[in-house]
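Structural characterization, general
Each chain, letter by letter, is given below.
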Amino acid sequence: MQYFVTVAEELHFGRAAQRLRVVQPAVSQQIARLERELGVRLLDRTSRRVRLTPAGSRVLAASREALAAAARVRVVAGEPAAVLRIGVASCVTRRLDRALERLRDGERPAESKLVDLPVAARIDAVRDGELDLALVRGALTSETVAVARAWSEPLHVVLARKHPAAGRSAISLHDLDPDGLRLPARDTDPPLHDAILAALPAPPPRPPSGDLLNVLFEVSQDFGRWTLLPAEQLAGTRSERLLHVPLDPPLNIDTHVVTSLATPDPCRTAYVTAFAD
């Protein structure tokens, strides 16, 4: 049944064999065996293409349900669920916690392993099969990995508690001194850096200030300095020197789920759904 589902997702026996890590004849034998046991033809296959028969479409849906049920039984019985390797930044958010729970209890139960990597290394690891998926904030296009938008969140102004604008419930970018803006260097997180720059009414007059830790330290030490960061990234932080305030009007930034080009669409959809609002 697992072989059949894999072929149905790939619609190609060779790619299915690669995913299953078996030789192609073994896949063909298992499909033929399943068809004999069920007494129906599940796949129409020629030298050029593979497609599901009407019976195959019905059996595919039932097979996924059966495999998911079997996976739950194994988990209950004590067999570890599949390990899902996820590339993230160092911060853990409520959304991440909720998504991990959804993935653990979903149709394809998986125990997640979080891997903290810089953005470029995250993308390379997904491409090379070392990670199953990665989360990347900001605009991202790539020909080597698949990119799907998962959610959007607002940018907040981060400033010192003694900053003149600190008492406001929301702040306009036009009310902040452009010379006070500090941003992390682009190479620390290129998509996020570019997305923040795109949100600004004008390019910042000062060069980037190193990594995020250095930026936050600078902002905390000078009451005229400020920076911009995604709200969910800031939600779990606590500081006696810093606070974050919503922008007015709001500016949002997208976060994407990055998977390999070989990841089946149902898996990719499940990953995006787990992180979506």
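Residues numbered from 1 in each chain as written. Predicted model: local features only at pLDDT ≥ 70, side-chain atom pairs only at ≥ 80, totals over all residues. Heavy atoms only, no water.

**Topic: the pairing of strand β6 (residues 145–160)**
Regular strands have side chains that alternate between both faces of the sheet. Here β6 lies mainly inside the structure; 12 of its 16 residues are buried. Of the strand pairs in this sheet, β6 and strand β9 (residues 252–260) are connected by nine bridges, and their pairing is antiparallel. For glutamate 153, the partnering residue across the bridge sits in β9 and is isoleucine 253. (Buried < 20%, exposed > 50% of the residue type's maximum accessible area, 1.4 Å probe, protein only. Helix = DSSP H or I, 4+ residues; strand = E, 2+ residues; numbered from the N terminus. Pairing = 2+ DSSP bridges.)

**Side note on the packing of aromatic side chains**
The geometry of two aromatic rings is summed up by the distance between their centres and the angle between their planes. Tallied over the full model, the rule gives one aromatic pair. Relative to phenylalanine 275, the ring of tryptophan 151 lies with its centre 6.1 Å away and its plane at 20 degrees, an arrangement referred to as stacked. Taken together, the residues tryptophan 151 in strand β6 and phenylalanine 275 in helix α10 (residues 265–275) connect sequence positions 124 residues apart. A relative accessible area of 4% places tryptophan 151 in the buried class. (Phe/Tyr/Trp six-rings, centres within 6.5 Å; stacked < 30°, edge-to-face > 60°.)

**A few points about helix α8 (residues 212–221)**
The periodicity of an α-helix, 3.6 residues per turn, causes residues three or four positions apart to be oriented the same way. Listed as buried for α8 are Val215, Val219 and Ser220. Here the buried residues of α8 occupy an arc of 130 degrees about the axis, which is enough to place them on one side. Residues of α8 that are exposed and point over 90 degrees away from its buried face: Leu213 and Phe217. Looking at the buried side of α8, the elements it contacts are β6, β7 (226–230) and β8 (242–246). (Arc of directions from axis to C-beta. Contact = heavy atoms within 4.5 Å.)

**Considerations on the environment of leucine 159**
Structurally, leucine 159 is set in strand β6. Leucine 159 gets classed as buried once you look at its relative accessible area, which sits at 0%. Those residues within four positions of leucine 159 in sequence are excluded, and the remaining contacts are Ala165, Ala166, Ile171, Val219, Arg225, Trp226, Arg241, Leu242, Leu243 and Val245.

**Quick word on a negative patch on the surface**
A contiguous patch of negative charge, built from Asp97, Glu101, Asp105 and Glu111, is present on the exposed surface. Broken down by element, the negative patch gets its largest block of residues, three residues, from helix α5 (residues 94–105). (Patch = residues over 30% accessible without salt bridge, like charges linked within 9 Å, V, L, I, M, F, W, Y side chains within 5 Å. Areas by Shrake-Rupley, 256 points an atom, 1.4 Å probe, with all protein chains shown as cover. Salt bridge = Lys/Arg side-chain N within 4 Å of Asp/Glu carboxyl O. Lys, Arg positive; Asp, Glu negative; His and termini not counted. Charge placed at Lys NZ, Arg CZ, Asp CG, Glu CD.)

**Notes on α10**
Listing the buried residues of α10 in full gives Cys267, Arg268, Tyr271, Val272, Ala274 and Phe275. Take α10 and look down its axis: the buried residues cluster within an arc of 160 degrees, on one side only. Tucked into the core, α10 has its buried residues touching β3 (82–88), α5, β5 (133–137), β6 and β9.

**So, the pattern of salt bridges**
What the rule picks out here adds up to 18 salt bridges. The partner of arginine 149 in a salt bridge is aspartate 254, and the shortest N-O contact between them spans 3.2 Å. In this pair, arginine 149 sits in strand β6 while aspartate 254 sits in strand β9, placing the two residues 105 residues apart along the sequence. You can call arginine 149 partly exposed: its relative accessible area is 47%. Classification of aspartate 254 by relative accessible area gives partly exposed; the value is 29%. Across the pair glutamate 218 and arginine 182 runs a salt bridge whose closest N-O atoms are separated by 3.0 Å. Highlighted residues: glutamate 218 in helix α8 and arginine 182 in the loop between β6 and α7 (190–199), separated in sequence by 36 residues.

**So, the confidence of the model for the chain**
Detailed reading of predicted coordinates is not advised where the pLDDT is low. When the pLDDT values of the chain are averaged, the result is 87; 96% of them are 70 or greater. The weakest mean pLDDT in the chain belongs to helix α4 (residues 54–77) at 82; the strongest belongs to β5 at 94. (pLDDT = per-residue confidence, 0-100.)

**As for the packing of α5 against α10**
The N-to-C vectors of α5 and α10 enclose an angle of 140 degrees; their axes lie 8 Å apart at closest approach. If you check the angle between α5 and α10, you find them oblique. As α5 runs across α10, the sense of the crossing is right-handed. The residues of α10 that touch α5, namely those facing Arg95, Leu96, Arg98, Ala99, Arg102 and Leu103, are Ala270, Tyr271, Thr273, Ala274 and Phe275. Classifying every residue of the contact of α5 with α10 gives seven nonpolar, one polar and three charged. (Axes fitted to C-alpha atoms, helices over the stretch in contact; angles between N-to-C directions. Parallel < 35°, antiparallel > 145°, perpendicular 65-115°, else oblique. Left-handed = near helix turned anticlockwise from the far one by under 90°. Nonpolar A, V, L, I, M, F, W, Y, C, P; charged D, E, K, R; others polar.)

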